[in-house]
Amino acid sequence: MAVLKPFTMPKWGIEMTEGTVAKWQVEEGKPFAKGDVIVLIETDKITNEVEAETDGCLVRLIADEQQTLPVGALLGVMGPPDSDAGEVDTFIAGYTPSGGEPERADRSDDAPATKAPAALKQAASPAPKSTISSDIAMSPAARFAAEAAGLQASDITPSGRNGRITRQDVDKAVRGRRQPDLSGPIDLPGQERVYASPLARRIAVQNGIDLSNLNGSGARGRICKADVLALMGDVPSASPTPSPSSLEEGIEVVAMTAMRKTIAKRLTQAKQDIPHIYLRRSVRADRLIALRKSEGKPGTLNDYLIRACAVALMEVPKINVQMHDGAIHQFAHADIAMAVATEKGLITPIVKKADELSVGAIAKRTKDLVRRAQAGTLKANEFQGGSFSISNLGGFEIDEFDAIINPPQGAILAVGKARNAPFDDGGDLRLLPVMHLSLSCDHRAIDGVDGARFLEVLAGLIEHPERL
């Protein structure tokens, strides 16, 4: 008997409860070497590479790509490349997550990850039992489940080697005999027997998509949500109760990534729970621009602003804070988070102890952080925390805006583009590059006068950059 081991959803950090299988880096049944990347797992805001600790082989890939599963959920089965399919089926059927029930390997996109196998639930309630001939090639787990569900061999379509019936084949047959858990009736006869996740089937039914001829991209040909969404633009709606995505042509349905869900959750919470106060000020930027040019442009304009904010935070420490359960945490150093746009959403890598760094050192740090943020390879401690944030949209031709506070931080500075505008220069009206600043403060921790003092100090540093 082959030695089989579970390959489960890893856990990084005490706050991680689930992860998304972004992309498998190995193929089912093909050996890999120690150090090879097995799978990419997407958590709240980063994508982690799971490396092989030893040489091995994934004899069964269970989780679909883009499927979100809880920590400890079974993603695949490790074993020798020539492992018996029936033994693998038995292993999957009997797998129990830490502290949980036997796990279902073909759970749906939107179903709890620790459900007991469907056929075992069937066996728990009265059902007509059957006896399947011992001559039929099928795994022990499949035979038990089929007989408990009252199935005959003719009711099951085998998918194993040499026509062997697997446990998954039995589960497919069981699902085909009962009404799927959909939000509406099935209008396409026979579609309920297709090997697809309930969520994929629901979307297909609502939009009149026939799945019978669709090849799934999931494990063992399973049709997942992404496969159905890929057809949405080519298939007309035939459902009497169309979903919003089928009301008009040309609408693309894009599922929210784990990162986007986290962003939505945090920003909603920030606006609901944090009483924002906004302080705005315009500053002349000509001298800062000239200084950067004379110094050979050691960093971007944003790098100079990070340095200026760090110095200002040390002078006005009441802004350099976080809020935790009614207590204000004041920081000894300026750990400044900068907003970086990536393909998956906004992330805020942190320049730690920016008050101790020169502009050149800050530039090297920010360049590395931005590169790794866009590649999704930041470590959690490189974007979680921070005592202050800067969001600069000047490079996108935005004149001014107000930013939402990044909790638990107490404030965030929004920076617009420096544009030529009339400016009072010691009584003379001159046309100078003017930059608009907007400081958003958590009014529970920061008074308006302290925010005004911070902007006054910051404006002085920008307008007299030799102080930096």
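Residues numbered from 1 in each chain as written. Predicted model: local features only at pLDDT ≥ 70, side-chain atom pairs only at ≥ 80, totals over all residues. Heavy atoms only, no water.

Trainee: Tell me about the nonpolar core, and please be specific about residues and values.
Mentor: With 53 residues, the main nonpolar core has I336, F388, L413, L437, L439, F454 and L458 as its most contacted residues. Residues contacting L413, with those up to four places away along its chain left out, are C309, F388, S389, I390, S391, L437, S438, L439, L455 and L458. M16, V39, I41 and L58 belong to the second-largest nonpolar core, a separate cluster that totals 19 residues. (Core = buried A, V, L, I, M, F, W, Y, C linked by side-chain atoms within 4.5 Å. Buried < 20%, exposed > 50% of the residue type's maximum accessible area, 1.4 Å probe, protein only. Contact = heavy atoms within 4.5 Å.)

Trainee: So what's going on with unusual backbone geometry? Residues and values would help.
Mentor: Negative phi values dominate among residues other than glycine, just as trans dominates among peptide bonds. For the peptide bond that leads from P407 to P408, omega is 10°, which places it in the cis range. In this structure, K297 takes a positive phi of about 50° despite not being glycine. Position of K297 among the secondary structure elements: in the loop between helix 8 (286-294) and helix 9 (301-315). (Helix = DSSP H or I, 4+ residues; strand = E, 2+ residues; numbered from the N terminus.)

Trainee: Explain the layout of surface pockets to me, and be specific about the residues and the numbers.
Mentor: Gaps left between atoms are located by rolling a probe of water-molecule size over the structure's atoms. Space inside the second largest pocket adds up to approximately 650 Å³. Looking at the lining of the second largest pocket, the elements that each hand over two or more residues are helix 9, strand 13 (340-342), helix 10 (359-375) and strand 16 (388-392). Per-element tally for the lining of the second largest pocket: the top contributor is helix 10, with five residues. A class-by-class count of the residues in the lining of the second largest pocket yields 15 nonpolar, nine polar and three charged. (1 Å grid on protein atoms, 1.4 Å probe; cavity = no way out; pocket = protein on both sides within 12 Å on 5 of 7 lines; lining within 4 Å. Points joined across faces, edges and corners; volume = space filled by probe spheres on them. Nonpolar A, V, L, I, M, F, W, Y, C, P; charged D, E, K, R; others polar.)

Trainee: Tell me about helix 8, and please be specific about residues and values.
Mentor: Regarding helix 8, the residues found buried are D286, L288 and L291. Turning to helix 8, the residues buried within the fold contact strand 9 (276-284), helix 9, strand 19 (428-442) and helix 11 (448-463). Immediately downstream of helix 8, the backbone of G296 shows phi near 80°, a positive value.

Trainee: Please set out the pattern of salt bridges residue by residue, giving values where relevant.
Mentor: Pairing between side chains of opposite charge can happen when the charged atoms of each approach one another. Scanning the model with the defined rule gives 14 salt bridges in all. For D84, the salt bridge identified is with R164, shortest N-O distance 3.9 Å. Of this pair, D84 sits in the loop between strand 8 (74-78) and helix 1 (85-94) while R164 sits in the loop between helix 3 (140-148) and helix 4 (167-177); the two residues are 80 residues apart in sequence, bridging distant segments of the chain. Looking at D84, the relative accessible area reads 34%, which means it is partly exposed. Residues R284 and D286 are paired through a salt bridge, measuring 2.8 Å at the closest nitrogen-oxygen approach. Neither residue differs from the other here; R284 and D286 are each classed as buried. When salt bridges with common partners are traced through the structure, they connect R284, D286, D425 and R430 into a single cluster. (Salt bridge = Lys/Arg side-chain N within 4 Å of Asp/Glu carboxyl O.)

Trainee: Give me the lowdown on the pairing of strand 2 (residues 18-24), citing residues and values where you can.
Mentor: Counting buried positions along strand 2 yields five of seven residues, so the element is predominantly enclosed. Direction of pairing for strand 2 relative to strand 7 (residues 68-70): antiparallel, over a ladder of three bridges. From the neighbouring strand, E18 faces strand 7, where its bridge partner is P70. Sheet analysis places strand 2 next to strand 4 (residues 37-42), joined by four bridges and oriented antiparallel. Along strand 4, the bridge assignment pairs W24 with V39. (Pairing = 2+ DSSP bridges.)

Trainee: I'd like a rundown of helix 10, residues and numbers included.
Mentor: Structural remark: α-helix, 3.6 residues per turn; residues separated by three or four positions point the same way. Here helix 10 contains 17 residues, and its C-alpha end-to-end distance of 24 Å stays within 8% of the 24 Å for a straight helix at 1.5 Å per residue. All buried positions along helix 10 are accounted for by V359, I362, A363, T366, L369, R372 and A373. Against helix 9, strand 12 (336-338), strand 13, strand 14 (345-347) and strand 15 (350-351) lie the buried residues of helix 10. Phi turns positive one or two residues past the end of helix 10, at G376, with a value near 75°. (Expected span 1.5 Å × (residues − 1).)

Trainee: For the confidence of the model for the chain, give the residues involved together with the corresponding values.
Mentor: Taken as a whole, the chain shows an average pLDDT of 82; of its residues, 83% reach a score of 70 or greater. Low pLDDT (under 50) marks residues 178-188, which in the prediction has 21 contacts with non-local residues, meaning those over four places away or in another chain. In this model residues 234-247 is a low-confidence stretch, pLDDT under 50, and it forms 25 contacts with partners more than four residues away in sequence or in other chains. (pLDDT = per-residue confidence, 0-100.)

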